[in-house]
Amino acid sequence: MLFWRVKPLDKILETAGKKALTRQLGAFQLTMLGIGAVIGTGIFVLTAEAGQKAGPAMMIAFIIAAVVCALAALAYAELASMVPVAGSAYTYTYGVLGEALAWIVGWALVLEYAVAAGAVSVGWSGYMNGLLMHTDLFGLVEKGSLALPRALRTGPFDGGAFNVLACMIALVVTWLLLIGTSKSAKVNAVLVSIKVAALMAFIAISLPAVQSANFEPFFPTGWGSPMGGIGVLGAAASIFFAYVGFDAVSTASEETRNPNRNIPIGLIGSLLICSIFYLLVGYGAVGAAGSTPLFGADGKALSPGTPEMAAACALVSNADALVCSKEPLAHVMRMIGFGGVGNMIGLAAALALPSVVLMMVYGQTRIFFTMSRDGLLPEVLSRVHPKYHTPHVITIITGVFVALFGAMFPVGILADISNSGTLFAFIMVSIGVMILRKQQPNRHRPFRTPLVWVVCPLAVAGCLLLFFNLSLYTIGLFFIWAAIGLVVYRLYGYRHSDLARGITTAEGGEVLPPEPPFHEGPQA
């Protein structure tokens with residue numbers, strides 16, 4: 001049975017032992033929190049992929065992805081307010097839909113966190129490699145003399161052999177997490193400001209260079225088809241990655257004044273502002289440099305992150321194509337004669353993106369730590385280092401896999417795989433909200449999803465729409481990963497979980513320090 005071994009919400013809250021927080025956030029603070037958590041990474045690294053999938057119509061993809069995010073976030077916020085503990089969608093599912101589905105969600109969240117960390121590592125590598133190729137270090141070296149060999153710039157699926165910089169940044173971040181590095185809200189605010197400043201500079205310079213001819217044809221690949229991964233809907237399924245982090249607002253309901261009023265304002269407001277930012281960046285990139293997709297001999301658009309796409313981009317005739325760039329925003333600046341600004345944008349990405357990798361790996365360790373505490377994973381994974389007080393075993397394992405993901409796979413494939421796990425988790429959360437409304441209508445809810453019987457079904461439908469417009473390859477990988485997870489659960493978690501052993505009260509044990517109150521990316 002799927003809906004069995006439901007972990008009582010009271011036990012979840014007892015295990016967390018979380019103290020009440022002061023309600024101090026208003027609508028404005030929530031909106032700013034959401035903008036800081038969302039804006040930046042996706043638009044830096046996925047503009048080229050979106051252009052290849054949808055051409056100029058990628059701007060419509062931004063809107064579709066934002067609407068689905070808004071619906072999912074409103075559903076997410078209700079459960080987040082009821083169960084304000086570490087573990088994210090995994091914990092919520094355990095308390096509503098039962099252990100088996102909770103395991104699948106937790107297993108899928110590996111895709112949201114660890115694979116996403118790999119995607120950002122590859123994005124960072126793209127900008128760092130571009131910086132090394134185009135900088136002369138203020139006249140100290142010849143331009144291009146610092147560039148790595150082509151084989152070491154990208155992985156084997158993207159025309160190279162081993163993405164050494166992506167691997168390196170993931171291992172450095174893992175080491176920082178092992179020794180207990182965490183970032184303050186002030187540091188995060190500075191890093192977000194760097195990204196916003198870079199995007200504003202890009203918008204200010206690119207908009208005057210826009211040429212209407214670059215928007216024709218507007219729909220070169222159409223709307224797309226189920227499991228095709230191409231077209232406007234395929235681009236929206238990828239662009240969804242650019243909005244992950246909106247749950248920062250959803251999980252802040254316990255600290256919010258009048259949450260039923262301010263949470264929706266914060267969610268919609270931050271997503272609206274981020275969408276406007278993204279649309280302006282997309283408009284500037286397409287209008288200034290063009291984003292005509294590359295097509296194969298059969299007349300179909302090539303899929304980003306494939307050997308065929310890499311071969312097409314290797315042709316001299318496509319050397320300057322936006323859809324082939326690993327540093328799209330810096331590339332556009334160089335194309336329109338602002339090479340210095342392009343280098344500054346590359347530097348901004350090089351400074352800010354590692355912090356996102358850090359928080360995503362950090363989030364993954366918290367998910368696994370929680371699952372291990374619940375008995376679904378071996379106890380060794382929740383062991384905490386005696387000196388640094390960090391979950392060192394799972395941090396090392398996660399970091400090594402993130403480094404390998406970054407070294408071997410292109411950013412577009414990693415982002416899509418990450419999205420498959422995220423979309424599945426949001427589907428489960430939306431279903432959980434509706435089930436709890438029926439099963440426990442009188443339970444205290446600091447935030448109640450408005451029009452729940454409209455919003456939640458639409459959230460499920462929207463997530464399913466994006467999920468099935470990922471490529472067949474990505475969807476296949478998701479189900480293979482889920483099947484592996486079910487085997488692991490049957491061999492270990494099914495017999496060793498707390499509920500299987502009849503443990504119904506909170507146990508002692510190590511407790512991780514609280515998550516930093518403000519950061520970009522998904523909240524753990």
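Residues numbered from 1 in each chain as written. Predicted model: local features only at pLDDT ≥ 70, side-chain atom pairs only at ≥ 80, totals over all residues. Heavy atoms only, no water.

Along the protein chain, the regular secondary structure elements total 18 helices and zero strands. The buried share of the protein chain, reckoned over its 524 residues, is 60%. Taking contacts inside the protein chain between residues at least 6 apart in sequence as the whole, the part at least 24 apart equals 81%. Working note: accessible area of the protein chain is about 20,000 Å², and carbon and sulfur atoms make up 68% of it. (Helix = DSSP H or I, 4+ residues; strand = E, 2+ residues; numbered from the N terminus. Buried < 20%, exposed > 50% of the residue type's maximum accessible area, 1.4 Å probe, protein only. Contact = heavy atoms within 4.5 Å. Areas by Shrake-Rupley, 256 points an atom, 1.4 Å probe, with all protein chains shown as cover.)

Before going further, it helps to examine the layout of surface pockets. Gaps left between atoms show up when a probe the size of a water molecule is rolled over them. Roughly 700 Å³ of internal volume is contained in the second largest pocket. What lines the second largest pocket is a set of 24 residues, among which Met133, Arg150, Arg153, Cys324 and Lys326 lie closest to the centre. Those elements that provide at least two residues to the lining of the second largest pocket are helix H6 (99-134), helix H12 (307-313) and helix H13 (328-335). By residue number, the principal contributor to the lining of the second largest pocket is H6, which donates five residues. Across the lining of the second largest pocket, the residue classes break down as eight nonpolar, nine polar and seven charged. (1 Å grid on protein atoms, 1.4 Å probe; cavity = no way out; pocket = protein on both sides within 12 Å on 5 of 7 lines; lining within 4 Å. Points joined across faces, edges and corners; volume = space filled by probe spheres on them. Nonpolar A, V, L, I, M, F, W, Y, C, P; charged D, E, K, R; others polar.)

With that settled, the discussion passes to the pattern of salt bridges. Under the criterion given, the structure shown has six salt bridges. The closest approach of N and O atoms between Glu327 and Arg334, which form a salt bridge, is 2.6 Å. Bridged by salt links that share partners, the residues Glu78, Arg437 and Arg445 form one connected network. (Salt bridge = Lys/Arg side-chain N within 4 Å of Asp/Glu carboxyl O.)

The final tally for this structure, using the stated rule, is one disulfide. Across the disulfide from Cys313 sits Cys324; the S-S distance is 2.0 Å. Taking the sign of the S-S torsion, -80 degrees for the link of Cys313 and Cys324, the bridge is left-handed. With a gap of 11 residues between them, Cys313 in helix H12 and Cys324 in the loop between H12 and H13 connect regions that are remote in the sequence. There is no disulfide at Cys69, and the cysteine sulfur nearest it, in Cys463, is 7.9 Å away. Using a relative accessible area of 0% as the deciding quantity, one classes Cys69 as buried. (Disulfide = S-S within 2.5 Å.)

The terminal C-alpha atoms of helix H15 (residues 392-408) lie 24 Å apart, and with 17 residues this matches the ideal 24 Å at 1.5 Å per residue to within 8%. Turning to H15, its buried residues number three or more, namely Ile394, Thr395, Thr398, Gly399, Val402, Ala403, Gly406 and Ala407. Elements in contact with the buried residues of H15: H6, helix H7 (164-178) and helix H14 (339-373). (Expected span 1.5 Å × (residues − 1).)

With respect to the helices and strands, the residue Asn343 is situated in helix H14. What makes Asn343 buried here is its relative accessible area of 17%. Between the C-alpha atoms of Asn343 and Met128, which are 215 residues apart in sequence, the distance is 9.6 Å. In this structure, Asn343 is in contact with Leu131, His134, Thr135 and Arg334, ignoring residues within four places of it in sequence.

For the protein chain, per-residue confidence averages 83 on the pLDDT scale, and 86% of positions sit at 70 or higher. Per-element averaging of pLDDT across the protein chain places helix H1 (residues 9-16) at the bottom with 59 and helix H17 (residues 452-467) at the top with 96. Of the regions scoring below 50 in pLDDT, residues 17-21 engages in seven contacts with residues more than four places distant in sequence or in other chains. Confidence over residues 517-521 falls short of pLDDT 50; this stretch has 26 contacts with residues more than four positions distant or in other chains. (pLDDT = per-residue confidence, 0-100.)

For the pair helix H3 (residues 41-54) and helix H16 (residues 411-439), the least separation of the axes is 10 Å and the interaxial angle reads 90 degrees. On the basis of their axis angle, the class for H3 and H16 is roughly perpendicular. Along the contact surface, H3 presents Val45, Leu46, Glu49 and Lys53, while H16 presents Val411, Gly412, Ala415 and Asp416. Taken together, the residues that form the contact of H3 with H16 break down as four nonpolar, one polar and three charged. (Axes fitted to C-alpha atoms, helices over the stretch in contact; angles between N-to-C directions. Parallel < 35°, antiparallel > 145°, perpendicular 65-115°, else oblique.)

A few words now on the environment of Pro304. Relative to the elements of secondary structure, Pro304 occurs in the loop between helix H11 (259-289) and H12. Classification of Pro304 by relative accessible area gives buried; the value is 13%. In the structure, Pro304 is positioned 255 residues away from Glu49 in sequence and 6.0 Å away in space, judged by C-alpha atoms. Non-local contacts of Pro304, meaning those with residues more than four positions away in its chain, are made with Glu49, Gln52, Lys53, Ile230, Met309 and Ile413.

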